[in-house]
Amino acid sequence: MIILAATPIGNLGDASRRLIEVLENAEIVVAEDTRTTQKLLGALQIANRPRLIALHDHNEKQKASELAALAAEHDVIVMSDAGMPTVSDPGYGLVAEAVAQGVTVTAIPGPSAVLMALAISGLPTDRFTFEGFLPRKPGERRTTLRALAAEPRTMVFFESPARLASALADMGAAFGDARRIAVCRELTKFYEEVRRGTASELVAWAKDGVKGEIVVVVEGAPHRESSPEDALSQVQTLVADGIRLKDACTEVAAATGLSSRDLYQAALAARSR
């Protein structure tokens, strides 16, 4: 069995009793960084010393089949450095392989920076999308954000503190400066902080440097009626940014309520003119 184990994202007091019990009896632990896991075992005063196997971005593809086969015979605990494995952390490839091999997959729920930031942001929580880390290269980041400009759901991003100010500036350019944004820093830790405001207000705060783990929560696009002409223009803008026509039509249709098929046909007709 594969057991995905959520670990504290900062405060050790968030380690669940179930997590501690499982680690006290674990034989095999697959860890994003075995050194971090060893420190966690020590901090939680767990005397058990399971077999530790490293699983990270650079070896997951090669190790997934072997570890899934191992999990068919033994319970294998899978841990990232913090939070739930597979959520912007290693583990997805292993889970997919385990499912393909018919191996049971379960989880020990626990801390999540995504859900905590969403919950305390003050922004709508009924519908949201997790976008992970934005691209590092400015051009790719701007293209990604422009493609999300019509997204009506609350959006959650991870971001490096070194790139936070520039990412917020690009959000302002892509989404407009009326959108509400919450920057959540060092969640569950001593210096936990939430800054709320518009992109320009938060850029002014972040430009001198920000430290710690960062989660950015952004208000979704306001609902507005779009004419077929406006929607076609949105499709053409996305395509110009490198999005496939079919995907662009699907995205704009979801945001406007118009037919994806009709948008696709209109875009093809516009090309032939």
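As the structure is a computational prediction, the values presented were derived from the model and not from experiment.

### Notes on the overall build of the protein
Thinking step 1. In terms of helices and strands, the protein carries 11 helices and 10 strands.
Thinking step 2. When its C-alpha atoms are laid out on the principal axes, the protein stretches across 70 × 45 × 30 Å.
Thinking step 3. Within the span of the protein, comprising 273 residues, buried residues form 42% of the whole.
Thinking step 4. Taking the contacts inside the protein whose residues are at least 6 apart along the sequence as the reference set, 71% of them involve residues at least 24 apart.

### Thoughts on the side chain of Thr7
Thinking step 1. The residue Thr7 is located in the loop between β1 (2-5) and α1 (17-25) in this model.
Thinking step 2. Each residue touching Thr7, except ones within four places of it in the same chain, is listed here: Leu19, Leu40, Met79, Ser80, Asp81, Ala82, Gly83 and Pro111.

### Topic: the environment of Ala167
Thinking step 1. Relative to the helices and strands, Ala167 is located in helix α7 (residues 164-175).
Thinking step 2. The class for Ala167 is buried, based on a relative accessible area of 2%.
Thinking step 3. For the pair formed by Ala167 and Pro138, sequence separation is 29 residues and the distance between their alpha carbons is 8.3 Å.
Thinking step 4. Every residue in contact with Ala167, bar those within four places of it in the chain, is listed here: Leu134, Arg141, Leu145 and Glu159.

### Considering the packing of helix α6 (residues 138-147) against α7
Between two packed helices, the angle of one axis relative to the other and the distance separating the axes together describe the packing.
Thinking step 1. Between α6 and α7, whose axes approach to 9 Å, the crossing angle comes to 40°. The angle between the axes of α6 and α7 places the two elements in the oblique class. In this structure, α6 crosses over α7, and the sense of that crossing is right-handed. When α6 is examined against α7, the residues Pro138, Arg141, Arg142, Leu145 and Arg146 are found in contact with a partner set consisting of Ser166, Ala167, Asp170, Met171, Ala174 and Phe175.
Thinking step 2. Split into classes, the residues belonging to the contact of α6 with α7 amount to six nonpolar, one polar and four charged.

### Considerations on the nonpolar core
Thinking step 1. Counting residues in each nonpolar core, the largest one holds 20 residues, and the members touching the most others are Phe157, Leu164, Leu168, Met171, Ile181, Val183 and Val216.
Thinking step 2. Only β7 (154-159), α7, β8 (181-185), α8 (199-206) and β10 (214-218) provide two or more residues apiece to this core.
Thinking step 3. With five residues, the top contributor of residues to this core is α7.
Thinking step 4. In contact with Met171, not counting residues within four places along its chain, are Leu134, Leu145, Phe157, Gly176, Ile181, Val216 and Val218.

### Overview of the domain arrangement of the protein
Think of interface size as the accessible area that goes away when the parts come together; that is how it is often given.
Thinking step 1. The domain architecture assigned to the protein consists of domain 1 (2-111), domain 2 (121-218) and domain 3 (228-271).
Thinking step 2. Each of domain 1 and domain 3 has a C-alpha centre, and the two are 42 Å apart.

### Observations regarding the UniProt feature "domain: Tetrapyrrole methylase" (unreviewed entry) in the protein
Thinking step 1. Per the UniProt annotation, the sites labelled "domain: Tetrapyrrole methylase" (unreviewed entry) are residues 1-202.
Thinking step 2. With 37% helix and 21% strand, the stretch residues 1-202 has end C-alpha atoms that lie 45 Å from each other.

### Observations concerning the sheet that holds strand β9 (residues 193-197)
Thinking step 1. Pairing is mixed in the open sheet, where five strands are placed in the order β6-β7-β10-β8-β9. The sheet is open, and its two edges are formed by β6 (128-133) and β9, each paired on a single side. Adjacent strand axes in the sheet meet at a mean angle of 15°, parallel and antiparallel pairs treated alike.
Thinking step 2. Taken together, the five bridges between β8 and β10 define a ladder with antiparallel strand orientation. Residue pairing in the sheet places Ala182 in a bridge with Val217 of β10.

### Topic: the pairing of strand β3 (residues 51-54)
Thinking step 1. As judged from the four bridges shared by strand β2 (residues 28-31) and β3, these two strands associate in the parallel manner. What sits directly across from Ala31, in β3, is Ala54.
Thinking step 2. Taken together, β2, helix α2 (residues 34-43) and β3 form a β-α-β motif whose crossover is right-handed.

### With respect to helix α4 (residues 92-100)
Thinking step 1. Residues Leu94, Val95 and Ala98 constitute the buried set of α4. The buried residues of α4 all sit within an arc of 100° when viewed along its axis, so they share a single face. Residues of α4 that are exposed and point more than 90 degrees away from the buried face comprise Tyr92, Val99 and Ala100.
Thinking step 2. The elements touched by buried residues of α4 are β1, α3 (60-71), β4 (76-79) and β5 (105-108).
Thinking step 3. Looking one or two residues past α4, Gly102 carries a phi angle of roughly 80°, positive in sign.

### Notes on the packing of aromatic side chains
Thinking step 1. Enumeration according to the criterion identifies three aromatic pairs in this entry.
Thinking step 2. Considering the side-chain rings of Phe190 and Tyr191, the 4.9 Å spacing of their centres and the 85° angle between planes classify their relative orientation as edge-to-face.
Thinking step 3. For Phe190, a relative accessible area of 74% corresponds to the exposed category.
Thinking step 4. An aromatic cluster is built from Phe130, Phe133 and Phe158, whose rings are joined through pairwise contacts.

Basis of the calculations
- Residues numbered from 1 in each chain as written.
- Predicted model: local features only at pLDDT ≥ 70, side-chain atom pairs only at ≥ 80, totals over all residues.
- Heavy atoms only, no water.
- Helix = DSSP H or I, 4+ residues; strand = E, 2+ residues; numbered from the N terminus.
- Buried < 20%, exposed > 50% of the residue type's maximum accessible area, 1.4 Å probe, protein only.
- Contact = heavy atoms within 4.5 Å.
- Axes fitted to C-alpha atoms, helices over the stretch in contact; angles between N-to-C directions.
- Parallel < 35°, antiparallel > 145°, perpendicular 65-115°, else oblique.
- Left-handed = near helix turned anticlockwise from the far one by under 90°.
- Nonpolar A, V, L, I, M, F, W, Y, C, P; charged D, E, K, R; others polar.
- Core = buried A, V, L, I, M, F, W, Y, C linked by side-chain atoms within 4.5 Å.
- Domains from an automatic or database assignment.
- UniProt positions renumbered as here; feature names shortened; annotations may be inferred.
- Pairing = 2+ DSSP bridges.
- Right-handed = clockwise from strand over helix to strand, strands pointing away.
- Arc of directions from axis to C-beta.
- Phe/Tyr/Trp six-rings, centres within 6.5 Å; stacked < 30°, edge-to-face > 60°.

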